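Each chain, letter by letter, is given below.
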Amino acid sequence: MRISSKAFRFVDLFAGLGGFHVALDELEGSGVFAAEWEPTLKALYKVNFGIDAWGDLNDLGSDEIIARNVPDHDVLTAGFPCQPFSKAGDQLGFKDTSQGNLFFKVHDILRVKRPRYFILENVPNILKHDGGRTKTTIIRMLEKLGYSVDVEHFSPHEFGIPQVRDRAYFVGSLEGLDHFEWPAKRKDPTEIHSVLRHDVLSRRAIPEQTLRAIDMWGDFLRRSPAALKLPSFPIWAMEFGATYPYEDETPSGVWARRPGWGLRQMGLKGSFGQSLECTIEEQVKRIPSHANRAGDFCFPQWKRNFIRQNREFYQANRSWIDPWLAQWKPQDFYSSFQKMEWNAQGEARDIDNFVLQMRASGLRVKRPTTSPSLIAFTETQVPILGANLTGKRRYMTPAECAELQCLGGIQLPASDLDAYKALGNAVNARVVKAIAERLLHGLIRSTSTITHDLEPLRATA
Ligand SMILES: C[S@@+](CC[C@H](N)C(=O)[O-])C[C@H]1O[C@@H](n2cnc3c(N)ncnc32)[C@H](O)[C@@H]1O
């Protein structure tokens, strides 16, 4: 049965928050089926879109079950789980039996239901995974079903949205792709201001230690002479004053070679210039965590470079760094707070002008042109807005992160942590809309509505 007032019918597999749904809703599509196994997201999908989503897609276990449960549709969308192909995961790909084979489920549904079009989304690494063989397998399998297939990668910042988040999009059509052109990538700069809401209060205070670490690095920037180009390598304060070996030998190598004395009586210093005239157990604590792992007998070249560059930088700048060390005592901070990445070369050195993010690799300071890519953030990794951006240092709110995904019009999970996680997994609705309106030839009413504007997409329940 066709729903007459709607232009076309679509299904949203691995639906999450419903980024595909929001985009296709804008094009007057009608969602007729969704699948999402995570209970909070499943319940939220009902609230936002009025659809009782199917649970585990693996339960669509045979052609017959698919035919019975998945309604006829014109467009299939799926952001199939990306961990098996992500650089951050173990890259098992199709061999990951729990998640990697879900592509085959998408394939089964396409084979049984034969919608005219599909749009699939995944991490860009899927294009390089297994030396390109994963991409070739996906395309070949889809072509065998009769689809013309193309793939391209896009990031929201290429659509005027202040988030860098590269993702691969596969499109397919049973009617060829002669009519289809990928949207153009815009090059003009973006500004995080476009998603900030000045009337909101962040629900969660920034921990005291984090604020102090920001102040500490703010003071470091302020003290640095204007004529000095700040390092583009990560600044590792624990290397200031350290002289332990790292080129031909490592601390672990010395501990293995001199089991009684270790680094004692060698005239060497640990992190922040601490004495190493102590037991081996104590020496381990006085060597930075990036250099004290047991059995680590040879550091990779990048690590050697960072250690050498930091030590040279310190020696050349002791006149202003020593008073900074004496005032702030960075050795009393968590070790990740002892590192800073300055990604704002050439800008005025006021830390409150920037977007800040506490990462395991240190405090990242970046220009307010884009937000860090939304990932399934832990609470400590949520971007912090400097005081000059919003009046007071605060975390970006889930509502602002939703704007980065062009999902500003839907209800989010009640817990902030769940909301950040779901937004980090979601597809950007504007990018999907831009692709879909060029792909769904003959299904959408007019091509004159092609998206160039920046107004937020709104979902209709
Ligand atoms: C990469 S996210 C896709 C997010 C979605 N496109 C959006 O805009 O929010 C993958 C989603 O698939 C869900 N998922 C993973 N395995 C599943 C399965 N076997 N059946 C149903 N849903 C699954 C996850 O809970 C997650 O929400």
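Now for a description of the structure that goes with this document. Bear in mind the structure is a predicted one, so any value in this text is a computation, not a measurement.

Parameters and conventions
Residues numbered from 1 in each chain as written. Predicted model: local features only at pLDDT ≥ 70, side-chain atom pairs only at ≥ 80, totals over all residues. Helix = DSSP H or I, 4+ residues; strand = E, 2+ residues; numbered from the N terminus. Buried ≥ 20, exposed ≤ 12 C-beta atoms within 10 Å, placed from the backbone. Axes fitted to C-alpha atoms, helices over the stretch in contact; angles between N-to-C directions. Parallel < 35°, antiparallel > 145°, perpendicular 65-115°, else oblique. Left-handed = near helix turned anticlockwise from the far one by under 90°. Contact = placed C-beta atoms within 7 Å. Nonpolar A, V, L, I, M, F, W, Y, C, P; charged D, E, K, R; others polar. Near = placed C-beta within 6 Å. Expected span 1.5 Å × (residues − 1). Arc of directions from axis to C-beta. Pairing = 2+ DSSP bridges.

Turning next to the overall build of the protein chain. Helix and strand counts for the protein chain come out as 14 helices and 12 strands. Reported as C-alpha extents along the three principal axes, the dimensions of the protein chain are approximately 85 × 50 × 40 Å. Among the 461 residues that make up the protein chain, the fraction classed as buried is 42%.

So, on to unusual backbone geometry. Even without being glycine, Arg114 reaches a positive phi, approximately 45°. Summarising the element assignment, Arg114 is placed in the loop between helix H4 (102-113) and strand E4 (117-122). What makes Arg114 partly exposed here is the crowd of 14 C-beta atoms within 10 Å. Positive phi outside glycine occurs at Asp130, with the angle close to 55°.

The next point concerns the packing of helix H6 (residues 208-223) against helix H10 (residues 318-328). One way to put it is that H6 packs onto H10 with a least axis distance of 10 Å and a crossing angle of 160°. Judged by the angle between their axes, H6 and H10 are roughly antiparallel. The interaxial crossing formed by H6 with H10 has right-handed handedness. On the side of H6, the interface is formed by Met216, Asp219, Phe220 and Arg223, while H10 contributes Trp320, Trp324 and Trp328. Of the residues assigned to the contact of H6 with H10, the class counts are 5 nonpolar, no polar and 2 charged.

Near the ligand there are 22 residues, and of these Phe14, Gly16, Gly19, Gly79 and Ala426 occur at the shortest range. Residues that form the shell around the ligand fall into these classes: 13 nonpolar, 6 polar and 3 charged.

Every α-helix carries 3.6 residues per turn, so stepping three or four residues along brings you back to the same face. Its 12 residues give helix H5 (residues 133-144) an end-to-end C-alpha distance of 16 Å, which sits within 8% of 16 Å, the value for a rise of 1.5 Å per residue. Turning to H5, its buried residues are Thr134, Ile138 and Leu142. Projected down its long axis, H5 shows its buried positions confined to an angular sector of 60°, all on one face. Counted as exposed and oriented over 90 degrees from the buried face of H5: Arg133, Thr136, Arg140, Glu143 and Lys144. Once H5 ends, the next one or two residues include Gly146, with phi positive near 105°.

Bringing the environment of Asn125 into the picture now. With respect to the element layout, Asn125 can be found in the loop between E4 and H5. Expressed as a C-alpha distance, the spacing of Asn125 and Ile138, which sit 13 residues apart in the sequence, is 14 Å.

Ordered in space as E2-E1-E3-E4-E6-E5, the 6 strands form an open sheet in which the pairing is mixed. Lying at the two open borders of the sheet, with one neighbouring strand each, are strand E2 (29-35) and strand E5 (148-154). Across this sheet, the average inter-strand angle for adjacent strands is 20°, counted without regard to direction. Note that strand E3 (residues 75-78) and E4 share 4 bridges and pair parallel. Counterpart to Ala78 in the pairing with E4 is Leu120. Helix-sheet contacts for H4 involve strand E1 (8-13), E3 and E4, and the interaxial angle to E3 is about 175°.

Of all 5 residues in strand E9 (residues 355-359), 4 are buried; the element is thus mostly enclosed. Here E9 pairs with strand E10 (residues 362-366) via 5 bridges, running antiparallel. From the neighbouring strand, Arg359 faces E10, where its bridge partner is Gly362. Connecting E9 to the next strand, E10, in antiparallel fashion are 2 residues. Where E9 and strand E11 (residues 384-385) come together, 2 bridges link them in antiparallel fashion. The residue of E11 that forms the bridge with Val355 is Leu385.

With respect to the helices, strands and loops of the structure, Leu142 is situated in helix H5. With 213 residues separating them along the chain, Leu142 and Val355 place their C-alpha atoms 42 Å apart. Sequence-distant contacts of Leu142, that is, excluding residues within four places in its chain, are made with Tyr147, Val149 and Gly172.

Strand order in the open sheet formed by 6 strands is E7-E8-E10-E9-E11-E12, and the pairing between neighbours is mixed. The open sheet has two edge strands with one neighbour each: strand E7 (235-236) and strand E12 (394-395). Alignment of E7 against strand E8 (residues 339-343), held across 2 bridges, turns out to be antiparallel. By the bridge assignment, Ile235 is partnered in E8 with Met340. Along the sheet, H6 contacts E8, E9 and E10; its crossing angle with E10, the most-contacted strand, is approximately 60°.

Take helix H13 (residues 416-425) next. Among the residues making up H13, those that are buried are Ala419, Tyr420, Lys421, Ala422, Leu423 and Asn425. Lining the buried residues of H13 we find helix H2 (39-49) and helix H12 (398-404).

What you see with E3 is no split at all: Val75 and Thr77 on one side and Leu76 and Ala78 on the other are buried throughout. Judged from the 4 bridges that link them, E1 and E3 form a sheet pairing that is parallel. Bridge pairing links Phe10 to Val75 in E3.

This is a description of form; function is not addressed.
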